Every structure is written in structure tokens, then in C-alpha cells.
Amino acid sequence: MASVTFEKATRIYPGTTRPAVDQVELTVNDGEFLVLVGPSGCGKTTTLRMLAGLEEVNEGRILIGDRDVTQVPPKDRDIAMVFQNYALYPHMTVAENMGFALKIAGVKKAERAERVLEAAKLLDLEPYLDRKPKALSGGQRQRVAMGRAIVRKPAVFLMDEPLSNLDAKLRVATRTQIASLQRRLGVTTVYVTHDQVEAMTMGDRVAVLKDGLLQQVDTPRALYERPANVFVAGFIGSPAMNLMTLKITGGVVKFGNINLKIDAAVLAKTKEKAITAGLRPEDLVITKNEGIEVEVDVIEELGADAFLYGSAVVDGEKIDVIARIGSVSSLRSGDKVFLKPQGGITHLFDVTTGLRLNNDAPATAKKAAATKPATAAAVSAAGAVSAVAAKPAAKKAVAKPAAKPAAKKVAAKPAAKAAVAKPAVAKPAAKKTK
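Residues numbered from 1 in each chain as written. Predicted model: local features only at pLDDT ≥ 70, side-chain atom pairs only at ≥ 80, totals over all residues. Heavy atoms only, no water.

1. Description of the pattern of salt bridges
Right, so step 1: Counting across every chain of the model gives 13 salt bridges.
Right, so step 2: Glu-7 is the partner of Arg-61 in a salt bridge, and the nearest nitrogen-oxygen pair spans 2.6 Å. Residue Arg-61 is found in strand β4 (residues 59-64), and its partner Glu-7 is found in strand β1 (residues 4-11); the two are separated by 54 residues along the sequence.
Right, so step 3: Glu-225 is the partner of Arg-221 in a salt bridge, and the nearest nitrogen-oxygen pair spans 3.6 Å. Here Arg-221 and its partner Glu-225 are both found in helix α7 (residues 220-225), 4 residues apart, which amounts to about one turn of the helix. (Salt bridge = Lys/Arg side-chain N within 4 Å of Asp/Glu carboxyl O. Helix = DSSP H or I, 4+ residues; strand = E, 2+ residues; numbered from the N terminus.)

What follows is the structure in C-alpha cells.
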């Protein structure tokens, strides 16, 4: 086992000037399960292939443990890779496929058989050792591909979207098995996926990339609660966060027919006359006549939960809105409801740079892709945001719920070098509204 370090690693393909991977600074701790996630073309697979030695590193370097492997051939890097398409030999049995790399390496037959059997027990493949790949299901083939990597006992596992060829139900079951197996083996693992649900459920930490730039690296909970910029906020979470641009007038922003007060410390960090507000679907609640008016397009029933998908006009612009509602609801397509944030707006971003303004703790992140490339910028702490009704207050004050507690620290893992937000200190409860 070993740690993995990217030091300003860059990959520029011939015939292009824009890097596919742009000066990535990242440390994967010994025994850690790190997930690289992002949309298609963001550079996540290229980053993995650079680590494997399958892509040239044009600038910077890559270390496995204390060893610089930037110019080392793939076969000498002590890594094992699991591919998206399994890459099994169709004429070989499961046992022969799993032990083939050991055979090429000159490992004795008895030791090969012992290591193959040991891996087969871990992966529940013992009954299938004499079968050929065509007689296996998709999930079983993927486990054989993993077994072939396990028997080599490498320092680092590399997995390139290994579940994308599986159906939805099998994908959920297999991702649980992979995460559980990695924790039992304790081998440093770098896992690539475009599915942010996979990333959130499997990784000890998640690294989010866009256009070759590392946007943020943190625990799944911290990414969800404190996204460092607009891109991370919109990408992490399912359903996605509601993002809207609101004009600032006299220290407040208008949200439909109510005003939301913005803390002065937050406003001091931007010179713009508008702000990007982020609201998770669970942050919005249905009211009688307060907030923005939303026309319902679809009600998505998920059993224990239901989600409202609709549209609203905010500051003269039509936007899509998603809200989590109770599982028992009489709302139908075409209905109109009012929504407002409970406890105020929890995520505020600079409208130009896309960087977070009201972070609970300092964080480092790249600017959103809409802006020009820039070096990582520190996002400082800011105060809470509270909602204040524009109309005369009701007689009885209603106490706001306290903010969510901060994400827990991962005790066994030291912090990564790049783009890691420090654990937050829990916010105090929002002030009462009169």
C-alpha cells in the first residue's frame, strides 16, 4: 500500500493548446478510497491514465509513496487497473483470467492457485472458477475483473467507471460490494465515475473536476453542505440544487413577495449588485402565500419522498425549481403553489467568479468554468443568512430551526494538499423573525 501524489500534473494532447488536465494538485492518502467525479470531458479518466502510465505527463510529476513514477513504465508502477469493459479473455476460464497476470510474471502454479482461490472467496466467485466469461452475468464478469486486480496485491487500485455497463439494480449492489471490499483490503484506491451518487456513497473523499481543473476535494458530506463554487453546488446532490440570481437592494434580496436579509459580512466580499443563491430541494417549503409562485410541471413520487418540479419567475427571469414535498400530496401538474426557504438561504456565491461567499470555514477552490482560468482562491468565513418578511409581521414570532451541524472529521485520514475545505463549526440558530 502507498499514498499517491499529483504535483501540478498536466496533460496537453498534441494539436491542442488547452490542457486536458491542468496542474492538478492532489494527494490520496495510504489506504484511502478517493473518487474522481465530473461530467464527460472533465479530465477524470485522463488523470487516472496518467497515474497508470498510459498517458504522458507533460508538466509536473506523479508519486506513488515516495517514488517518482512520472517516467516509469506501467508494468513497473505496482498498480492494478479495472476497466469499464471488463477486458476478460473469452477463451479462458474465470480462474485462468484471474491468474493470467501472475502467470506472465512467472509466479509458480501452486501460489497462483492459492491467490486466485483467496480472491474468489472474497468475491463469492468460487462456484464459477471453471466457467468462461460468456456463461457469467455482467456483475459476475465485473467481479472477475476485480479479482484479476486483487490477486496481484498491488500498492494502488485504479478503477475506470467499472459499473457503467451494469443495470441500475446491479450497479447499486456492486458499488456496495466494491466499497466494502476496499475497506477490508485497505488498498489505496482511485475510482473514476461520472455518477455523483456513486461518488457520494463510495468515497472517503471526492475530487470534483471540470474542464481539467480540480474544483474541490473533500468528504461527501462537506461537498454537499459547503460546495466551494457554483459548479460543485449544481453538480453534487440529487436532485440538483436550485441556483438563481437575485438582485441586492439595501442589504436584502427579493424572493417573490418576501425579502431575505443578507449578512453584511457576506455582502462585503462582493462588489456586484446581484448574488447567486443556492437552495437544496429540502430547503424549500410550501406556504400559503409567501415566497415565489411556482407552477407545477411534474410530481415525482419515490415512495417515502416526493419531489416537485416546476417553474417560477424570479427577477423577471423564468427558472426551474425543484422542492422536496411530503410523500402524501394532492398536487398535480398545472397547480400553483408558493415556496420559500426555511431558515434563509444557506448557499451564497459571487455572481461573477462563482466562488462561495458564506463558507463556514476557509476553503480553496478554482473559479467556476464560466470565468477565465485563475489560480485557486481562498474563500473566507461568513455569517448566517436570515429571512425577513416584507409584509407586517404576525403577532407571534416563529423560531427558526438551527443550522445543520458541521460535517464530522475523518479521523484516520490527514487532509489533502489541494482544494480541501476545513471542517466547519456549526452555525448558531437563526434569529427569530418578528
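Continuing now.
2. A few points about helix α2 (residues 94-104)
Right, so step 1: If you check which residues of α2 are buried, you get Val-94, Asn-97, Met-98, Gly-99 and Leu-102.
Right, so step 2: On the buried face of α2, the contacting elements are α3 (109-122) and α4 (138-150).
Right, so step 3: Two residues or fewer past α2, Gly-106 is found with a positive phi of approximately 85°. (Buried < 20%, exposed > 50% of the residue type's maximum accessible area, 1.4 Å probe, protein only. Contact = heavy atoms within 4.5 Å.)

3. A look at the sheet that holds strand β18 (residues 317-325)
Right, so step 1: Strand order in this open sheet of 5 strands is β15-β19-β16-β17-β18, and the pairing throughout is antiparallel. Either end of the sheet is taken by a strand with one partner, and the two such strands are β15 (284-287) and β18. On average, adjacent strands in this sheet sit at an angle of 45° to one another, irrespective of strand direction. (Pairing = 2+ DSSP bridges. Axes fitted to C-alpha atoms, helices over the stretch in contact; angles between N-to-C directions.)

4. Looking at the pairing of strand β7 (residues 156-160)
Right, so step 1: In terms of burial, β7 is a largely internal element, 5 of the 5 residues being buried.
Right, so step 2: The alternating pattern of β7 places Val-156, Leu-158 and Asp-160 and Phe-157 and Met-159 on opposite faces, both of which are buried.
Right, so step 3: Bridge count between strand β6 (residues 79-82) and β7: 4 bridges; the pairing is parallel. The partner of Ala-80 across the bridge, within β7, is Phe-157.
Right, so step 4: Of the pairings in the sheet, the one linking β7 to strand β8 (residues 188-193) comprises 5 bridges and is parallel in character. Residue pairing across strands places Asp-160 opposite Val-192, the latter belonging to β8.
Right, so step 5: Regarding the hand of the β-α-β motif, the stretch spanning β7, helix α5 (residues 168-185) and β8 is right-handed. (Right-handed = clockwise from strand over helix to strand, strands pointing away.)

5. Let's talk about the environment of Lys-273
Right, so step 1: Along the polypeptide, Lys-273 turns up in the loop between α9 (264-267) and β14 (274-279).
Right, so step 2: Once the C-alpha coordinates of Lys-273 and Leu-246 are considered, the two residues, 27 residues apart in sequence, prove to be 8.8 Å apart.
Right, so step 3: Among all residues touching Lys-273, those that are not within four sequence positions of it are Lys-247 and Ile-248.

6. Structural notes on the packing of α2 against α4
Right, so step 1: Running from N to C, α2 and α4 cross one another at 35°; their axes reach a closest spacing of 7 Å. In the packing of α2 onto α4, the handedness of the crossing is right-handed. Judged by residue contacts, Val-94, Asn-97 and Met-98 of α2 engage Val-144, Gly-147 and Arg-148 from α4.
Right, so step 2: Split by residue class, the contact of α2 with α4 holds 3 nonpolar, 2 polar and 1 charged. (Left-handed = near helix turned anticlockwise from the far one by under 90°. Nonpolar A, V, L, I, M, F, W, Y, C, P; charged D, E, K, R; others polar.)

7. Things to note about helix α1 (residues 44-52)
Right, so step 1: Burial runs high along α1: 7 of the 9 residues are buried.
Right, so step 2: Within α1 the residues assigned to the buried category are Lys-44, Thr-46, Thr-47, Leu-48, Met-50, Leu-51 and Ala-52.
Right, so step 3: Residue Gly-53 follows α1 closely and has a positive phi angle near 90°.

8. Some details on the packing of aromatic side chains
Right, so step 1: By the definition in use, this model includes 3 aromatic pairs.
Right, so step 2: Ring plane angle 65° and centroid distance 5.0 Å describe the contact between Tyr-89 and Phe-100, whose orientation is recorded as edge-to-face. With Tyr-89 in the loop between β6 and α2 and Phe-100 in helix α2, the pair connects residues that are 11 residues apart, well separated along the chain.
Right, so step 3: Residue classification places Phe-100 among the partly exposed positions, given a relative accessible area of 24%.
Right, so step 4: Seen from their ring centres, Phe-231 and Phe-235 are 5.6 Å apart, and the 20° between their planes marks the pair as stacked. In this pair, Phe-231 and Phe-235 are both assigned in helix α8 (residues 230-235), 4 residues apart and thus about one turn of the helix distant.
Right, so step 5: Here Phe-235 falls in the buried class, since its relative accessible area comes to 18%. (Phe/Tyr/Trp six-rings, centres within 6.5 Å; stacked < 30°, edge-to-face > 60°.)

9. Topic: the nonpolar core
Right, so step 1: Residues Met-98, Ile-178, Tyr-191 and Val-208 are the most contacted members of the largest nonpolar core, which totals 43 residues.
Right, so step 2: Counting residues per element, this core draws most heavily on α4, at 5 residues.
Right, so step 3: Leaving out residues up to four positions away in the same chain, Met-98 has contacts with Val-116, Ala-119, Ala-120, Leu-125, Leu-129, Val-144, Gly-147, Arg-148 and Val-151.
Right, so step 4: Counting 31 residues, the second-largest nonpolar core is a separate cluster that includes Val-24, Ile-79, Val-192 and Leu-209. (Core = buried A, V, L, I, M, F, W, Y, C linked by side-chain atoms within 4.5 Å.)

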